[in-house]
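Structural features, examined
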Amino acid sequence: MRHENFEDGYHFQVMRRALDLIDAAEGTLTLDELAAQMGMSPAHFQRVFSAWVGVSPKRYQQYLALGQAKLLLADRFTTLDAAHHSGLSGTGRLHDLFLRWEAMSPGDFARGGAGLTIRWDHVDSPFGEALVMGTERGICGIAFTAETGRDAAMADMRGRWPGAEFVAAPGALDTWVQAAFEQKGETALHMIGAPFQIKVWEALLQIPSGHVTTYSEIADSIGKPRAVRAVGTAVGRNPVSFLIPCHRAIRKSGGLGGYHWGLPVKRAMLAWESARAEAT
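All of these numbers come straight from a predicted model, not from anything done at the bench. (Residues numbered from 1 in each chain as written. Predicted model: local features only at pLDDT ≥ 70, side-chain atom pairs only at ≥ 80, totals over all residues. Heavy atoms only, no water.)

**So, helix α2 (residues 31-38)**
To be explicit about the condition: Type-normalised accessible area, obtained with a 1.4 Å probe on protein chains alone, sets the label of each residue: buried when under 20%, exposed when over 50%, and partly exposed for intermediate values. Put simply, DSSP H or I for four residues or longer makes a helix, DSSP E for two residues or longer makes a strand, and each gets a number counted from the N terminus. Read the arc as the range of directions from the helix axis to the C-beta atoms.
What α2 keeps buried is the set Leu34, Ala35 and Met38. The arc enclosing the buried residues of α2, seen along the axis, measures out at 95 degrees, which places them on a common side. Pointing more than 90 degrees away from the buried face of α2 are the exposed residues Asp32 and Ala36. Among the residues trailing α2, Gly39 stands out with phi positive, at a value near 75 degrees.

**Details of the pairing of strand β5 (residues 138-144)**
Within a regular strand, side chains alternate between the sheet's two faces. Short version of the rule: Only when DSSP finds a minimum of two bridges between them are two strands counted as paired.
Counting buried positions over the seven residues of β5 gives seven, a clear majority of the element. Pairing analysis gives six bridges linking strand β4 (residues 130-135) to β5, with the strands arranged antiparallel. In the sheet register, Gly134 faces β5, and the bridge partner there is Ile139. Joining the antiparallel neighbours β4 and β5 is a turn of two residues.

**Notes on the packing of aromatic side chains**
Any two aromatic rings considered together are summarised by their centre-to-centre distance and by the angle between their planes. Here is the rule: In summary, the pairing rule links any two rings of Phe, Tyr or Trp, Trp by its six-membered ring, whose centres are within 6.5 Å, and it sorts them by plane angle into stacked for under 30 degrees, edge-to-face for over 60 and tilted for everything else.
If you walk through the whole model with that rule in mind, you get six aromatic pairs. Judged by centre distance (6.1 Å) and plane angle (85 degrees), the rings of Phe127 and Phe144 are edge-to-face. In this pair, Phe127 sits in the loop between β3 (117-123) and β4 while Phe144 sits in strand β5, placing the two residues 17 residues apart along the sequence. This pair shows no difference in class: Phe127 is buried, exactly as Phe144 is. Judged by centre distance (5.2 Å) and plane angle (80 degrees), the rings of Phe127 and Trp272 are edge-to-face. Note that Phe127 is positioned in the loop between β3 and β4 and Trp272 in helix α12 (residues 263-279), a separation of 145 residues in sequence. A residue is classified by how much of its surface remains accessible, and Trp272, at 3% relative accessible area, is buried. By the ring-pair criterion, three or more aromatic residues cluster together here, those being Phe127, Phe144, Phe181, Phe242 and Trp272.

**Overview of unusual backbone geometry**
Residues other than glycine seldom take positive phi values, yet Phe242 does so here, at roughly 75 degrees. Mapped onto the secondary structure, Phe242 falls in the loop between α11 (228-236) and β9 (249-250). Here Phe242 falls in the buried class, since its relative accessible area comes to 3%.

**Quick word on the nonpolar core**
A general trend in soluble globular proteins is that nonpolar side chains are found buried together. Stated precisely, the cut-off is as follows: Here, nonpolar core means buried Ala, Val, Leu, Ile, Met, Phe, Trp, Tyr and Cys residues that are tied together by side-chain atoms lying within 4.5 Å of each other. Any pair of residues with heavy atoms lying within 4.5 Å of one another is described as a contacting pair.
Formed by 63 residues in total, the largest nonpolar core has its most connected members in Phe127, Met133 and Phe144. Discounting residues that sit within four places of it in the chain, Phe144 has contacts with Ser125, Phe127, Glu129, Ala130, Phe181, Ser241, Phe242, Tyr259, Trp261, Val265 and Met269. Counting eleven residues, the second-largest nonpolar core is a separate cluster that includes Leu34, Met38, Met40 and Phe49.

**Things to note about the packing of helix α9 (residues 195-204) against α11**
The test is simple: Lines fitted to the C-alpha atoms define the axes, with helices restricted to the stretch that makes contact. Angles between their N-to-C directions range from 0 to 180 degrees. Angular relationships are summarised with four words: roughly parallel below 35 degrees, roughly antiparallel beyond 145, roughly perpendicular across 65 to 115, and oblique for the angles in between.
Following both chains from N to C, one finds α9 and α11 inclined at 80 degrees, their axes separated by 9 Å at the closest point. When the interaxial angle is binned, α9 and α11 end up roughly perpendicular. Along the contact surface, α9 presents Phe196, Gln197, Val200, Trp201 and Leu204, while α11 presents Ala230, Val231, Ala234 and Val235.

**Considering the packing of helix α1 (residues 10-24) against helix α3 (residues 42-52)**
Rules: Helix crossings get a hand from a simple test, with the near helix turned counterclockwise from the far one by less than a right angle marking a left-handed crossing and a clockwise turn marking a right-handed one. Residues were grouped as follows: Ala, Val, Leu, Ile, Met, Phe, Trp, Tyr, Cys and Pro as nonpolar; Asp, Glu, Lys and Arg as charged; and all remaining residues, including Gly, as polar.
The contact between α1 and α3 brings their axes to 10 Å, and the two run at 115 degrees. In this view, α1 runs roughly perpendicular relative to α3, as classed from their interaxial angle. Crossing of α1 over α3 shows left-handed handedness. Counting all contacts with α1, which are made through Tyr10, His11, Phe12, Val14, Met15 and Ala18, the residues of α3 involved are His44, Phe45, Val48, Phe49, Ala51 and Trp52. Looking at the contact of α1 with α3 residue by residue, the classes come out as ten nonpolar, two polar and no charged.

**A short note on the confidence of the model for the protein**
Our working definition: A residue's pLDDT is simply how confident the predictor is in it, with values from 0 to 100.
Per-residue confidence for the protein gives a mean pLDDT of 81, with 80% of residues at or over 70. Here residues 1-6 is modelled with pLDDT under 50, and outside its nearest four sequence neighbours on either side it reaches 17 contacts, counting other chains as well. Counted against residues more than four places away or in other chains, residues 82-97, with its pLDDT under 50, gives 43 contacts.

Listed below in structure tokens is the structure:
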């Protein structure tokens, strides 16, 4: 799928290069300085940032700062509703788009996806190229290839459901994908995981865009306060990145923690959502 706002992941690639420059700088770079190091005119660089996130490069640098997660933890921490997790499937509204989700039964999951046909496609997203997978019930996988590459992402996703049949289907998932990344309309999700994992993923769905929570908060919300490490593992195994927002889970210390598809992608997502939340 191609879209004029992030065709070929161009805006993300610009941001990714800028992130390295910002990290290497001793202080905040001016628009002219950052644009010069990017090999772009200030006007062009400003347009790219505005198109991608809607704020100035100067403001965006603050969101990309390595200490930004601590500020989010202080200002935009979300306490999760423990009462939400009484079942393994349900319907809810994410704060920035509608999601309808359904969970696979534990027995079906134990069979490794046997009997499932999973269609897949490579699409553009605000965070670079994404490998998207879906069953007839909804999107079951989103992986980001900017840091890992296509082959590693495909092997990773296929290994989660070894019994399934995988079929390349260019364009077949576009309606769901467009709703997901443009945040318009409804996207259907098909959660394929163990019962404990699905409880954790449902908790993640409660975190508003532009906000964060901690692994320990998630553990408390699902009634397993001592299972913080297991929660962290389940967060890392989330197969539907961005839509099930594992990037919004950070450490109690304010550290970012890990991210399955690379910390640069996680940082970009948090910065993108923080900037959009402020802009609106």
